[in-house]
Structure formats: C-alpha cells, structure tokens
Amino acid sequence: MSRIVISSLVKSYPSAQRRATDDVSLEVADGEFVVLVGPSGCGKTTLLRMVAGLERPDGGSIHIGDRDVTSLSPQRRDVSMVFQSYAIFPHMRVRQNIAFGLAMRKTPAAEVNRRVAEAAELLQLNDLLDRFPSQLSGGQRQRVAVARAIVVDAGVLLMDEPLSNLDALLRLQFRAELKKIVRQIGATTLYVTHDQAEAMSLGDRVAVMRDGRIVQAGDPLTVYNYPAHRFVGDFLGAPPMNFFLAEPGAVGAPDSLKLGKVLVGVRAENIALGTEGIPGTVEVVEPTGASTLLTVATSFGTLKVQAPPAVQTAPDDRVTLRLDPAALRLFDPETGLALAT
Ligand code: ADP
Ligand code: MG
C-alpha cells in the first residue's frame, strides 16, 4: 500500500519573501493519480521534491504507506521521479539508461533484463534499446526517462512537468499514452504541471495551487464546474470563467440581471445567443472548429461566449446573451471565495 499523506508542509528558502509551500496538506490514495497544477512559482516543484526527499521541509510531515518518511533519504522512500529536464545520460545506450536505477539497487542481471524488456514494451522502445540518446527524437527521449522511472517498480511515481519539452502534438499524444501506462502499472502518482488542460485530462483528482497553498482539490469536473475560489475559475479552462458584478437577488432570474455587488462567474459554454437576456455587441468572432468563440461587450463587461461552430454573426452585430441559470456561480468580490448557493 502506497498512500501518500502530506500534512501541513512548510518550506521557506532563505532570502525568499514568502514561503515556497505554506501549510500544504494533501492525501493521495493508493493507486490514485493526483495532479498538482498552478502558475509558475506557486510551489509545485518544491512540494514534489519534498515528497521525493530531495528537499527538507521546515515543518509538517510526509507519510508513504504506514511509514513516516519525512526525514528519510530518497533511496529509502520507495519513490521514483521523472524530472522536467529529462536527465538521461548521453553516453549510455537506451538499455543502460533504463536499467540505471536497477543497477544502483544491485538487481541481479536476469531480473534487470526482464524488467527493462517489460518497460521497453510498455513505452514502445523495443527497437531503440541499442541507440544513444543523440540518436532519438525528443519524444523518444522522454519515453526513456519515463521507462527509467517505472522500471524500478516503486510504489510512488513522482513526475515534474514530464511533457513540457515536447511540441504540442507530441504532448497531446504522449499525454493519453502516459495515462494508460500509469493505469497499467498502478503506481500512486503525484504529477506536476502548469498546464490546466493537461491537469484535467490526466488526474483522477487535481489540486490547484497558488502562492504556496492548495486552493482546491477534487475531481477535474467538480473543480472546473464548482471553483472554490475565483482564482480556480480563472486558472482552469480556456477561455477562463467570465466574471461580472451583479445584484444577488437577480441572479436566480438571469433575464433580469442588474449590476450589483456579488461577483458572478459563468463559463463561456453556459452562455448562448438567444432572444431574451443581456444585450451586447459582438467584438470578435474566433472559429476554432469544434465551436466558435465570441467576445461580446455588455453593460456587465466583456463576456466570452462559446457558440456553435456555424454561428452566423459578425463584429458589430447586436446580440442577446442567455446565461444558463444553473451554471451561475457566486463569489465574494473581496475575498474571491465561492459563496454557498
Ligand atoms: P513551481 O514549480 O510551481 O514553478 P517552485 O516550487 O519551483 O514553483 O518555486 C516556489 C517558490 O520558491 C518560487 O518563489 C521560487 O522562486 C522559490 N524557489 C524555488 N527553489 C528555490 C531555491 N532553490 N532557492 C530559493 N528560492 C527557490
Ligand atoms: Mg516547477
């Protein structure tokens, strides 16, 4: 059993103005895939490195399974890590690169061969085992880094932006493959990315971080549809959630919305062009294929609307926006926190 329990982890770097992680608590169930997501500098790597044992916390604890590993060395934690800069060794062939962790653990040769063959099969590297990294594409090198991490069969797999060096198409392909592979090996996985789409697509749960803290953790669709904080609605989704100030009483009946003091959030896909609702003027029309994104100026501010792909509208058209009442979310404009509805 490799459940991870992170409790109140605090880490400050000398000279830093604020804590890199500030009282972070998170549990990852045995075999679960949790993604830490947030903007650059929010503390994701620091948190992952503390779980790996590469960074020492100033306070708090980390348990893996039933062991307190807070002060154990990385080798004694049963973790394996894939780094952002996939540090594979240029002077070693693919086979030796994959076997590296096993060699370090003095695994018998027959066992090494068997496990390397398995990992190579899983990552489709069978035909490349005798090549050097310089003879591989970026995507293939990334596969080697992942193979090297999974071959040691650790209970916990830690990955820090493992896809960020790949170009967009390869990243998309490898994302789905990685999800399949991690499911097959069944490791408890903590994965870091700043890419919200990657986080949503990979994680059983996502934990959204900001300024060293976890703002919200939950399954991807719940976090997307019910942001606990304005920040989460902003950070997850493309385009970000729309926000505007309105009068609380009028929110239940969007046709009679008035400017007011409550912050209302609504996603672009929950606004449609209709005959009754908020009047506006189309500013920009952006076809994306699957849908067409409209930027509409209204008395509540500029709203993004996800319209059907074949929508017939052009800049300067007058339109009426109908907001799905069930999809409106309310936030405190001062604190940004979601209000109970
Ligand atoms: P992320 O991975 O989310 O981009 P990091 O965990 O790398 O964020 O960084 C969190 C904060 O800690 C940032 O403000 C960063 O500048 C700071 N930081 C990270 N590593 C160090 C370090 N070795 N020394 C000083 N400050 C650091
Ligand atoms: Mg980082």
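Description of the structure in this document. (Residues numbered from 1 in each chain as written. Chains lettered and ligands numbered in written order. Predicted model: local features only at pLDDT ≥ 70, side-chain atom pairs only at ≥ 80, totals over all residues. Heavy atoms only, no water.)

### Some words on the pattern of salt bridges
Inspection of the entire model under this criterion finds 12 salt bridges. Of the charged contacts, one joins Asp130 and Arg95 as a salt bridge, the two residues approaching to 3.4 Å between their closest N and O atoms. With Asp130 in the loop between helix H3 (109-122) and helix H4 (138-150) and Arg95 in helix H2 (residues 94-104), the pair connects residues that are 35 residues apart, well separated along the chain. With a relative accessible area of 32%, Arg95 lands in the partly exposed category. In this structure, Glu111 and Arg115 form a salt bridge, with 2.9 Å as the shortest nitrogen-oxygen distance. With a gap of 4 residues between them, Glu111 and Arg115 both fall in helix H3, about one helical turn apart. Among the residues examined, Glu111 registers a relative accessible area of 26% and is labelled partly exposed. One continuous salt-bridge network, built from bridges that share partners, spans Glu111, Arg114, Arg115 and Glu118. (Salt bridge = Lys/Arg side-chain N within 4 Å of Asp/Glu carboxyl O. Helix = DSSP H or I, 4+ residues; strand = E, 2+ residues; numbered from the N terminus. Buried < 20%, exposed > 50% of the residue type's maximum accessible area, 1.4 Å probe, protein only.)

### Notes on the packing of aromatic side chains
Tallied over the entire structure, the rule returns 5 aromatic pairs. Seen from their ring centres, Phe231 and Phe235 are 5.8 Å apart, and the 15° between their planes marks the pair as stacked. Taken as a pair, Phe231 and Phe235 lie in helix H8 (residues 230-235) at a separation of 4 residues, close to a single helical turn. Residue classification places Phe235 among the buried positions, given a relative accessible area of 19%. Ring centres of Phe243 and Phe331 lie 5.5 Å apart, and the angle between their planes is 70°; this geometry places the pair in the edge-to-face category. (Phe/Tyr/Trp six-rings, centres within 6.5 Å; stacked < 30°, edge-to-face > 60°.)

### Focus on the site of ligand 1
Around ligand 1, the surrounding shell consists of Tyr13, Ala20, Pro39, Ser40, Gly41, Cys42, Gly43, Lys44, Thr45 and Thr46. The side chain of Lys44 places a nitrogen or oxygen atom 2.8 Å from an oxygen atom of ligand 1. One nitrogen or oxygen atom from the side chain of Thr45 is found 2.8 Å from an oxygen atom belonging to ligand 1. In isolation ligand 1 exposes 560 Å². Once the protein is present, 59% of that is buried. (Near = heavy atom within 4 Å. Polar contact = N/O pair within 3.5 Å; in protein donor to acceptor, adjacent residues only side chain to side chain. Areas by Shrake-Rupley, 256 points an atom, 1.4 Å probe, with all protein chains shown as cover.)

### Brief notes about the nonpolar core
Ranked by size, the top nonpolar core spans 48 residues in total, and within it Ile98, Val116, Leu123, Leu125, Tyr191 and Leu236 carry the most contacts. Per element, the largest residue contribution to this core is 6 residues, and it comes from H4. Sequence-distant contacts of Ile98, that is, excluding residues within four places in its chain, are made with Val116, Ala119, Leu125, Leu129, Val144, Ala147, Arg148 and Val151. One finds Leu36, Ile62, Ile64 and Val79 within the second-largest nonpolar core, a separate group that totals 26 residues. (Core = buried A, V, L, I, M, F, W, Y, C linked by side-chain atoms within 4.5 Å. Contact = heavy atoms within 4.5 Å.)

### Here's the deal with the pairing of strand E8 (residues 188-193)
With 6 of 6 residues buried, E8 is to be regarded as a mostly interior element. Residues Thr188, Leu190 and Val192 of E8 are buried on one face, and the alternating residues Thr189, Tyr191 and Thr193, pointing to the opposite face, are buried as well. As paired strands, strand E3 (residues 33-37) and E8 are joined by 5 bridges and run parallel to one another. Bridging from a neighbouring strand, Val37 pairs with Thr193 of E8. Pairing between strand E7 (residues 156-160) and E8: 5 bridges, direction parallel. Considered in E8, the bridge of Met159 is made with Tyr191. Between the parallel elements E7 and E8, the chain passes through helix H5 (residues 168-185) in a crossover that is right-handed. (Pairing = 2+ DSSP bridges. Right-handed = clockwise from strand over helix to strand, strands pointing away.)

### Section: the side chain of Thr313
Relative to the elements of secondary structure, Thr313 occurs in the loop between strand E15 (301-307) and strand E16 (318-323). One polar contact links Thr313 to Asp317, side chain to side chain, over a distance of 3.0 Å. The contacts of Thr313, once residues within four sequence positions are left out, are Val282, Val285, Leu294 and Val319.

### Points about the packing of H4 against H5
The N-to-C vectors of H4 and H5 enclose an angle of 15°; their axes lie 12 Å apart at closest approach. In terms of orientation, H4 lies roughly parallel with respect to H5. Considering only the axes of H4 and H5, their crossing is right-handed. Across the interface between the two elements, Gly139, Gln142, Arg143, Val146 and Ile150 from H4 touch Leu170, Phe174, Glu177, Leu178, Ile181 and Ile185 from H5. (Axes fitted to C-alpha atoms, helices over the stretch in contact; angles between N-to-C directions. Parallel < 35°, antiparallel > 145°, perpendicular 65-115°, else oblique. Left-handed = near helix turned anticlockwise from the far one by under 90°.)

### Description of the environment of Ile185
Here Ile185 lies in helix H5. By relative accessible area, Ile185 is classed as partly exposed at 33%. Taking the C-alpha atoms as reference, Ile185 lies 12 Å from Leu123; in sequence the two are 62 residues apart. Not counting residues within four places of it along the chain, the set of residues in contact with Ile185 comprises Leu122, Ile150 and Leu157.

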